[in-house]
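Here is what each chain is made of, one letter per residue.
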Amino acid sequence: MNIIIFGGFLGAGKTSLILSLASFLIQKNLKEVHQNDQQEVQSPYLQSPYLVIIENEIGETGIDHKILRSGGYEVRELFAGCVCCTLAADLTVMLNEIADTLKPQWVIIECTGLAYPGNIADTLNRYGKHSDPIRIVTVVDAERWEELAEVAPILVEKQVQEADVVLINKIDLADDEVISLVEDRIHSINASAKKIRLSGSGMIPGSVWREITGANGSSEEVTEK
Ligand SMILES: Nc1nc2c(ncn2[C@@H]2O[C@H](COP(=O)(O)OP(=O)(O)OP(=O)(O)O)[C@@H](O)[C@H]2O)c(=O)[nH]1
Ligand SMILES: [Mg+2]
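Residues numbered from 1 in each chain as written. Chains lettered and ligands numbered in written order. Predicted model: local features only at pLDDT ≥ 70, side-chain atom pairs only at ≥ 80, totals over all residues. Heavy atoms only, no water.

Visitor: An account of the overall build of the protein chain is needed here, citing residue identities and associated values.
Guide: Looking only at helices and strands, the protein chain has eight helices and nine strands in total. The burial tally for the protein chain puts 52% of its 225 residues in the buried class. Carbon and sulfur atoms make up 49% of the accessible area of the protein chain, which amounts to about 10,500 Å² in all. (Helix = DSSP H or I, 4+ residues; strand = E, 2+ residues; numbered from the N terminus. Buried < 20%, exposed > 50% of the residue type's maximum accessible area, 1.4 Å probe, protein only. Areas by Shrake-Rupley, 256 points an atom, 1.4 Å probe, with all protein chains shown as cover.)

Next comes the structure, spelled out in structure tokens:
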């Protein structure tokens, strides 16, 4: 069971990018099923659940789970608290139950914008039943980075520090100079993380998701939400 944790400040673009990644993974699964079994598959959900998305929202009024579910994905919710602190145990129980019953290939966890994804990974590594390494993807809003780094420096810097991959999102809203400055700053906080510039409101090249998931495929493909 592959687990990817999506972190990043409120509104950075986590849900938009998860929709694109989920679409990529489902398409990849369909292709593999066609190739391997030579059988006609009408819906990815015959294979279901290949992918489970866990949504964590602080209040009970969030709509991300509805957006994701409207894409046909299997979504589990953890409301009214943050999975990196008060709901850490609930997340572990949920994930262990998913591992025992649904046994999906992929689990994507969207944290609240206030979470420290590294704390979540630590808890899951300690108490979880999965054996594969957990990947942390932190989404950064290129346009608002400087402002947020002033207002909430510890939070946004730690989110970057804990990442395996930093997605520098919303590049359509920032000019090149600002994006380069943000990239340099991110590099100074976490030199080893892979940094990728993109725009979650447009088409994402399949190469981005292959890089993150380690999947194979054509370099031409793009994923829509
Ligand atoms: N212009 C632009 N807008 C984007 C981009 N990515 C996301 N958005 C928009 O930014 C807003 C927030 O995106 P979400 O994907 O909901 O962000 P999030 O990080 O999941 O937000 P929370 O879950 O509330 O923390 C939405 O209105 C998106 O349509 C982008 O690359 N460019
Ligand atoms: Mg969201």
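Visitor: With reference to specific residues and values, describe the sheet that holds strand β1 (residues 2-7).
Guide: Taken in spatial order, the seven strands make up an open sheet running β3-β2-β4-β1-β5-β6-β7, and their pairing is parallel. Edge positions in the open sheet fall to β3 (74-79) and β7 (194-197), since each of these has one partner strand only. Looking at each pair of strands side by side, their axes are set apart by 20 degrees on average, direction ignored. Sheet topology places strand β2 (residues 51-57) next to β3; six bridges connect them, and they run parallel. Paired with N56 across the two strands is L78, which belongs to β3. The sheet contacts of helix α4 (residues 117-127) involve β1, β4 (106-110) and β5 (134-141), and relative to β5 the element is tilted by about 170 degrees. Where helix α8 (residues 206-213) meets the sheet, it contacts β1, β4, β5, β6 (165-169) and β7, and its direction lies at approximately 155 degrees from that of β6. (Pairing = 2+ DSSP bridges. Axes fitted to C-alpha atoms, helices over the stretch in contact; angles between N-to-C directions. Contact = heavy atoms within 4.5 Å.)

Visitor: Can you lay out the coordination of the magnesium ion (ligand 2) for me, pointing to particular residues and giving the numbers?
Guide: With distances of 1.9 to 2.1 Å, the protein atoms coordinating the magnesium ion (ligand 2) are T15 (OG1), D64 (OD) and E110 (OE). Site description for the magnesium ion (ligand 2): donor spacing in sequence, T-x48-D-x45-E. Of this pair, T15 sits in helix α1 (residues 14-37) while E110 sits in strand β4, and the two are 95 residues apart along the sequence. Comparing T15 with E110, the two get one shared label, buried. (Donors = N, O, S within 2.8 Å, 3.2 Å for Na, K, Ca; no water.)

Visitor: Let's hear about the site of ligand 1: which residues, and what values?
Guide: The environment of ligand 1 is made up of 17 residues, and the closest members are K14, T15, S16, D172 and G200. G13 has a polar backbone atom sitting 2.9 Å from an oxygen atom of ligand 1. Between ligand 1 and the protein, one listed contact pairs an oxygen atom with a side-chain N or O atom of S199 at 3.1 Å. With the chains in place, 68% of the 650 Å² that ligand 1 exposes on its own is no longer accessible. Among the elements that make up the shell around ligand 1, the one with the highest residue count is α1 (three residues). (Near = heavy atom within 4 Å. Polar contact = N/O pair within 3.5 Å; in protein donor to acceptor, adjacent residues only side chain to side chain.)

Visitor: So what about the state of the cysteines? Which residues, and what values?
Guide: This structure, assessed with the given rule, holds zero disulfides. C82 provides the cysteine sulfur closest to C85, a residue in no disulfide bond, and the two sulfurs are 4.2 Å apart. (Disulfide = S-S within 2.5 Å.)

Visitor: Can you break down unusual backbone geometry residue by residue, with the values?
Guide: Unusually for a residue other than glycine, A80 sits at a positive phi of about 60 degrees. The topology assignment puts A80 in the loop between β3 and α3 (88-101). Judged by its relative accessible area of 47%, A80 is partly exposed. Residues other than glycine seldom take positive phi values, yet K103 does so here, at roughly 50 degrees. Within the secondary structure layout, K103 lies in the loop between α3 and β4.

Visitor: Let's hear about the environment of F6: which residues, and what values?
Guide: Assignment of secondary structure puts F6 in strand β1. Note: C-alpha distance between F6 and L17 (eleven residues apart in sequence) is 9.1 Å.

Visitor: Lay out the layout of surface pockets in plain terms, naming residues and giving numbers.
Guide: The volume enclosed by the largest pocket comes to roughly 220 Å³. For the largest pocket, the lining is made up of 16 residues, of which G11, K14, T15, D64 and E110 are closest to its centre. The set of elements that each furnish at least two residues to the lining of the largest pocket consists of α1 and β2. In terms of residue class, the lining of the largest pocket is built from four nonpolar, seven polar and five charged. (1 Å grid on protein atoms, 1.4 Å probe; cavity = no way out; pocket = protein on both sides within 12 Å on 5 of 7 lines; lining within 4 Å. Points joined across faces, edges and corners; volume = space filled by probe spheres on them. Nonpolar A, V, L, I, M, F, W, Y, C, P; charged D, E, K, R; others polar.)

Visitor: How would you summarise the packing of α3 against α4 if you had to cite specific residues and measurements?
Guide: In the contact formed by α3 and α4, the axes pass within 10 Å of each other and the chain directions differ by 50 degrees. Taken together, the axes of α3 and α4 are oblique relative to one another. Between α3 and α4 lies a crossing of right-handed hand. The segment α3 lies against α4, with A88, L91, T92, L95 and N96 engaging I120, T123, L124 and Y127. Taken together, the residues of the contact of α3 with α4 break down into six nonpolar, three polar and no charged. (Parallel < 35°, antiparallel > 145°, perpendicular 65-115°, else oblique. Left-handed = near helix turned anticlockwise from the far one by under 90°.)

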